[in-house]
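Below are the chains, spelled out letter by letter.
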Amino acid sequence: MKGIFLSRKLPYLFWLASLLCFVPFAAAQSQPSGTVAITHAKIFTLAGNTIDDGIVVIRDGKIAAVGASVDVPAGAQVIDAKGLQVYPGMFDAITQMGLREIGAVSATVDSNETGNYNPDVVAATAVSPSSEHIPVTRASGITEVLAVPASGGMDSFGSRGVLGGQASAIHLTGWTIDEMLLKKSAAMVLNWPEIQTRTFDFATFTRKEKPYSEAKQEYEKQVNEITEWLERARHYAQALEKGSAAKYDRDIKLEALVPVIRGELPLLLFADRAREIRNAVEFCEKQKLRMILAGGSEAYKVKDLLRAKSIPVILRPTLTLPLEEDDPYDRLLTQPAELAAAGVRFAFASFDNSFARRLGQNAANAVAYGLPYDEALRAVTIYPARIFGLDNQIGTIEPGKIANLIVTNGDPLELTTDVRYLFIRGQLTSTNNRHKSLYEKYLNRPKAQ
Amino acid sequence: MRGATMMRTIAGLAITFCAGVAPHALNAANPPGAPSVILIQNATVLTVSHGTIEHGSILIKDGKIAEVGQSIKAPQDAQVIDAAGQFVMPGIIDCHSHIAVDGSVNEGSVSVSSMANIAEVLDSDDIDIYRDLAGGVTAANILHGSANAIGGQTVVIKLRWGQPSAKLPFEGALPGIKFALGENPKRSNFSLPGQPKRYPATRMGVEETIRGAFTEARDYRKAWDDYNKRVSAGGKNLIPPRRDLKLDPLVEVLEGKRYVHAHCYREDEILMLLRVAKEFGFKVRTFQHVLEGYKVADELAAAGVGASTFSDWWAYKVEAYDAIPYNAALMTRRGVNVSINSDDAEEATHLNQEAAKSMKFGGLSYDEALKLVTLNPAIQLGIDKRVGSIDVGKDADLVIYNHDPLSAYAVVQKTVIDGRVYFDRQRDIAQRPERENEKKALLEKEKKSTEKKPDAKKPEEKKPEEKKPEEKPKPPALVASTGGAL
């Protein structure tokens, strides 16, 4: 028993050790040094002008050159993309990729840890590289995602966690998490409390109702708890700075919060209602925390505040129905256009693995309701990259960036567009997946007797 | 979607007292002076039954399509809708919906709940009727939930927003009954600590439950047949069999007077129900969801049953793990009549887009894709003589888009039912300030009344969302314990 216990613990301890030494979780992986040239393509670089007939050269996993008159290097594998279009791969900013396989089967779900305060849990720890969701998702043109623990949903006990852990940015291919990793700790999840007068008790399956004053008290209690955690982290950080850490017991939860209180790690703060968003913004300002809003169903009500404080938003899918029955039926569909006009930065996200492939659809729907097309395209590529501090690595087609690209036969946001080639870290990556395999298998089923 | 329904549930559980100034109050859905003659002209007309007419016109008289063609001269009394640059298609028919239901869709206490009838609890005030109407839906099959092997009775409605509940049912449409196979009726994902398991808890038990019920129904029918025979033979002082409200609808199934809409996922349970149906001599009208239908497409085609599925939902539970977005196309290719349904008020707002995906996944043609949400569900619900295509004599149930509807960029401009404009995007937008003001005034009034009586009870809060579409993969989590019609 003890042996098993130890062997189970060991990898965790090693991982912790690496965390403490601030050693990057994944050292740069060696990439195949093959050179690829995509030729005769219409290239949407999203950095400057679109090139009508151009060449992208990929070397060592990076974009080496892009332009109308770029030379094809000798020995390069050439992909003739005549009639096709090249875009940066899409980035789904909120998923549970690799953390949740089958929603109803708890054994396959690792996205929601028990308890409210788990700032030290990290998505990358539990991302399964063999998840069937990964190839299914990338076939739709998504090359990287954020795997987010406790991302807005509830666990089976009705708890969604408060400080839910750290989100990891991952490429959608790789034999191991080390090969997949783009940024181990990209944000700290905070599910902002809500004032709830009506709640659902999952133990008895009944609705409970309480007076507003009581609900508000509970809300304030939770906010105080969060404040307390941050205060403790602040004291802990001060102790560390004074070099006296040895005098204290190590606290890995507080340690995880140190980059947050130092403003190095942003909060990915889930809130949908205007009142909660306002409170959260005020809170983060007071606490000097970097905030990325997630959800934001009523972000339009606080757009001036969000712009003034330059808080970016990861928007809940635009197809979501409005919160209130007397909201305009297209409330979430018109919101992106409204936010863009107000100068609020935002990105689209699926919020759900099973619907990750609807990312483009959601962006396109926002265009149908007034968002400029270019903004929609950026909101699934360079904008999410920028929001999570990855824009120097991905999001556009520029020399030096990681070669996460898609080659399509049309608008990547449109429902009927096919992804013909997909490059992740410069590697031509298969678009085959569970769904395609099952399709081919049953397409070839002999006629039943 | 996303967070769609669950978000709303959560939202509904929270705060907000709202005055509920839905478009309802002001919507001139059924203006008394509505013209009975309407001409839609200059549109790209997607007839579904006979191709596309560029710069086409549709003449509507007394709620029916009177003429379809290239150019129709406007009768003198006609209201003319100039749809230049726009697309007209038949109203979308959603073969699996749970909107417009007052309260829960599931009588989940028993394994056979055929005595319960969704038609008795239609709620014409449900805002989802309006939202789906704004998504181009004109008719929907309103189903009981999937908690039972044999569930409740179902009803087809038209989305006549603003009309009383009694005016919603689709006149003459055959009623149905919901069956359910697999994880939901065996309550795989719904067990609660301390709660005894309900029979059935296996797929074997689900089959047995259905066979058991039909065995009873057959005997019951025979008892009535015998009684009626004796009555017609002049028998006197006969005692009729005892009326059984649970078995009456099953007898109607046996007599072909009520359609069976069977919720299912796995290939084996699909074939199971086909065997049971054969044994008792009834027909399954549609398999609903039928996410593994592609595995037994030949068998479905041979049985002549319809298949109504999702576009691309998957992995929310084990029986949805082999779900593929090619399902609709694969079944169509093997000769099955296929439709794409919503099962969810939000999903229903973009069924045109969901149908379009079948062109990408499996290569259906443009017209085949269109049929998935128009003519095919009409056939499945037995209402294709009335709706589902743009043909002379059919009901004028139409939807006008500003763009090709099989695209993510199309927005519904008008939805027409029985020749009446029930949804008009411009009208909706124009009325928003007025609704906003009305809401403000109501809130003000409410505030004043509470200020006067400081001890008064708090104002009525928004009632929490109670309906739960049965599958509900969206949004994350929660599925484990509640992801479905409870």
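In this text, all values refer to a predicted model and were calculated from it rather than measured experimentally.

S.K.: An account of the overall build of chain B is requested, with residue identities and associated values reported.
M.R.: Helices and strands together make up the secondary structure of chain B, namely twelve helices and 16 strands. Buried positions account for 62% of the 486 residues belonging to chain B. Considering only residue pairs separated by 6 or more positions, chain B has 71% of its internal contacts joining residues 24 or more positions apart. Entry remark: accessible area of chain B is about 17,700 Å², with carbon and sulfur atoms responsible for 51%.

S.K.: Could you give me a rundown of the nonpolar core, with the residues and numbers involved?
M.R.: The biggest cluster of nonpolar side chains holds 204 residues, and the ones touching the most others in it are L268(A), I314(A), F388(A) and F287(B). Looking at this core, the element that brings in the most residues is helix α5 (residues 212–241) of chain A, giving nine residues. Leave out the neighbours within four places in its chain, and L268(A) touches I94(A), L146(A), V148(A), A187(A), M188(A), V189(A), L190(A), I292(A), A294(A), I314(A) and F388(A).

S.K.: Before we move on, could you go through the sheet that holds strand β11 (residues 286–289) of chain B and cite the residues and values that matter?
M.R.: Hydrogen bonds between backbone atoms are what pair the strands of a sheet, whose relative direction is either parallel or antiparallel. All names here are of chain B. As summarised here, the arrangement of the eight strands in space is β6-β7-β8-β9-β10-β11-β12-β13, forming an open sheet in which the pairing is mixed. In this open sheet, the two strands that pair with only one neighbour each are β6 (92–97) and β13 (337–340). Pairs of neighbouring strands in the sheet enclose a mean axial angle of 25°, with direction left out of account.

S.K.: Pulling in residues and values, what's your account of the sheet that holds strand β14 (residues 313–315) of chain A?
M.R.: Residue and element names in this part refer to chain A. Reading across from one edge, β6-β7-β8-β9-β12-β13-β14-β15 is the order of the eight strands in this open sheet, with mixed pairing throughout. Looking at which strands have only one partner, the edges of the open sheet turn out to be β6 (90–95) and β15 (346–348). For this sheet the average axis-to-axis angle between neighbouring strands, irrespective of direction, equals 25°. Looking at chain direction, β14 and β15 are connected through three bridges and run parallel. Its bridge partner lying in β15, V313 is registered against F346.

S.K.: With reference to specific residues and values, describe the pattern of salt bridges.
M.R.: Scanning all chains against the criterion turns up 57 salt bridges over all chains. Among the ionic pairs, R273(A) bridges to E298(A), the shortest N-O distance being 3.5 Å. Placement of R273(A) in the loop between β12 (267–271) and α7 (274–286) and of E298(A) in the loop between β13 (291–295) and α8 (303–308) is noted, with a sequence separation of 25 residues between them. With relative accessibility at 5%, the residue R273(A) sits in the buried group. E292(B) is paired through a salt bridge with K295(B); the nearest N and O atoms lie 3.4 Å apart. Connected via shared salt-bridge partners are K64(B), K158(B), R160(B), E171(B), R386(B), D395(B), D397(B) and D418(B).

S.K.: Please give an account of the packing of aromatic side chains that cites residues and values.
M.R.: The relation between two aromatic rings is expressed through the spacing of the ring centres and the mutual angle of the planes. In this structure the tally under the stated criterion is 23 aromatic pairs over all chains. Plain terms: the ring middles of Y117(A) and W229(A) are 5.2 Å apart, the flat faces sit at 15° to each other, and that makes the pair stacked. You can see Y117(A) sitting in the loop between β6 and α2 (123–126) and its partner W229(A) sitting in helix α5, a full 112 residues away along the chain. By relative accessible area, W229(A) is classed as buried at 14%. Each ring, one from F214(B) and one from F280(B), has its centre 5.9 Å from the other, and the planes form 40°; the classification is tilted. Linking F214(B) in helix α3 (residues 203–232) with F280(B) in helix α5 (residues 267–280), this pair joins segments that are 66 residues apart in sequence. In this structure F280(B) comes out as buried when scored by relative accessible area, which is 6%.

S.K.: Any chance you could break down the pairing of strand β15 (residues 412–417) of chain B for me, citing the residues and the numbers?
M.R.: Put simply, side chains in a regular strand alternate between the two faces of the sheet. Residue and element names in this part refer to chain B. Counting buried positions along β15 yields five of six residues, so the element is predominantly enclosed. The pairing of strand β14 (residues 398–401) with β15 spans four bridges and is classified as antiparallel. Paired with L398 across the bridge in β15 is V416. Pairing analysis gives four bridges linking β15 to strand β16 (residues 420–424), with the strands arranged antiparallel. From the neighbouring strand, I417 faces β16, where its bridge partner is R420. Counting the residues between successive antiparallel strands, the hairpin from β15 to β16 contains two residues, one of them, D418, with a positive phi of roughly 50°.

S.K.: For the side chain of D128(B), give the residues involved together with the corresponding values.
M.R.: All names here are of chain B. Here D128 shows up in helix α2 (residues 127–133). Look at D128 and you get buried, because its relative accessible area is 2%. A polar atom in the side chain of D128 sits 3.1 Å from the side chain of R131.

S.K.: So what's going on with the confidence of the model for chain B? Which residues, and what values?
M.R.: Residues and elements named next belong to chain B. Residues of chain B with pLDDT of at least 70 account for 86%, and the chain-wide mean is 89. A low-confidence stretch, residues 1–30 (pLDDT under 50), is modelled with 116 contacts involving residues beyond four sequence positions or located in other chains. Below pLDDT 50 for its whole length, residues 472–486 participates in 77 contacts with residues either more than four positions away or in separate chains. At the level of chain-chain contacts, confidence expressed as ipTM amounts to 0.91, with global pTM at 0.90.

S.K.: Describe the confidence of the model for chain A, and please don't skip the residues or the numbers.
M.R.: Within chain A, residue pLDDT values average 91, and 89% of them lie at 70 or more. This model gives residues 1–32 of chain A a pLDDT under 50, and the stretch forms 25 contacts once residues within four places in sequence are excluded.

S.K.: Talk me through the environment of Q85(A); I want residue IDs and the actual numbers.
M.R.: All names here are of chain A. Tracing the chain through its elements places Q85 in strand β5 (residues 85–88). Owing to a relative accessible area of 18%, Q85 belongs among the buried residues under this scheme. Each C-alpha atom of the pair Q85 and F44 lies 7.3 Å from the other, and the pair is 41 residues apart in sequence. Residues within four places of Q85 in sequence aside, it is in contact with K42, F44, I406, V407, T408, G410 and D411. Side chain to side chain, Q85 and Y87 meet in a polar contact 2.6 Å long.

S.K.: I'd like a description of unusual backbone geometry, backed by residues and values.
M.R.: All names here are of chain B. Following Y199, the chain continues to P200 via a peptide bond in cis, the omega torsion being 0°. Positionally, P200 belongs in the loop between β9 (176–180) and α3. Within the chain, V48 stands out as a residue other than glycine whose phi angle is a positive 75°. For R187, which is not glycine, the phi dihedral falls at a positive 55°. Structurally, R187 can be placed in the loop between β9 and α3.

Reading guide: rules and limits
Residues numbered from 1 in each chain as written. Chains lettered and ligands numbered in written order. Predicted model: local features only at pLDDT ≥ 70, side-chain atom pairs only at ≥ 80, totals over all residues. Heavy atoms only, no water. Helix = DSSP H or I, 4+ residues; strand = E, 2+ residues; numbered from the N terminus. Buried < 20%, exposed > 50% of the residue type's maximum accessible area, 1.4 Å probe, protein only. Contact = heavy atoms within 4.5 Å. Areas by Shrake-Rupley, 256 points an atom, 1.4 Å probe, with all protein chains shown as cover. Core = buried A, V, L, I, M, F, W, Y, C linked by side-chain atoms within 4.5 Å. Pairing = 2+ DSSP bridges. Axes fitted to C-alpha atoms, helices over the stretch in contact; angles between N-to-C directions. Salt bridge = Lys/Arg side-chain N within 4 Å of Asp/Glu carboxyl O. Phe/Tyr/Trp six-rings, centres within 6.5 Å; stacked < 30°, edge-to-face > 60°. Polar contact = N/O pair within 3.5 Å; in protein donor to acceptor, adjacent residues only side chain to side chain. pLDDT = per-residue confidence, 0-100.

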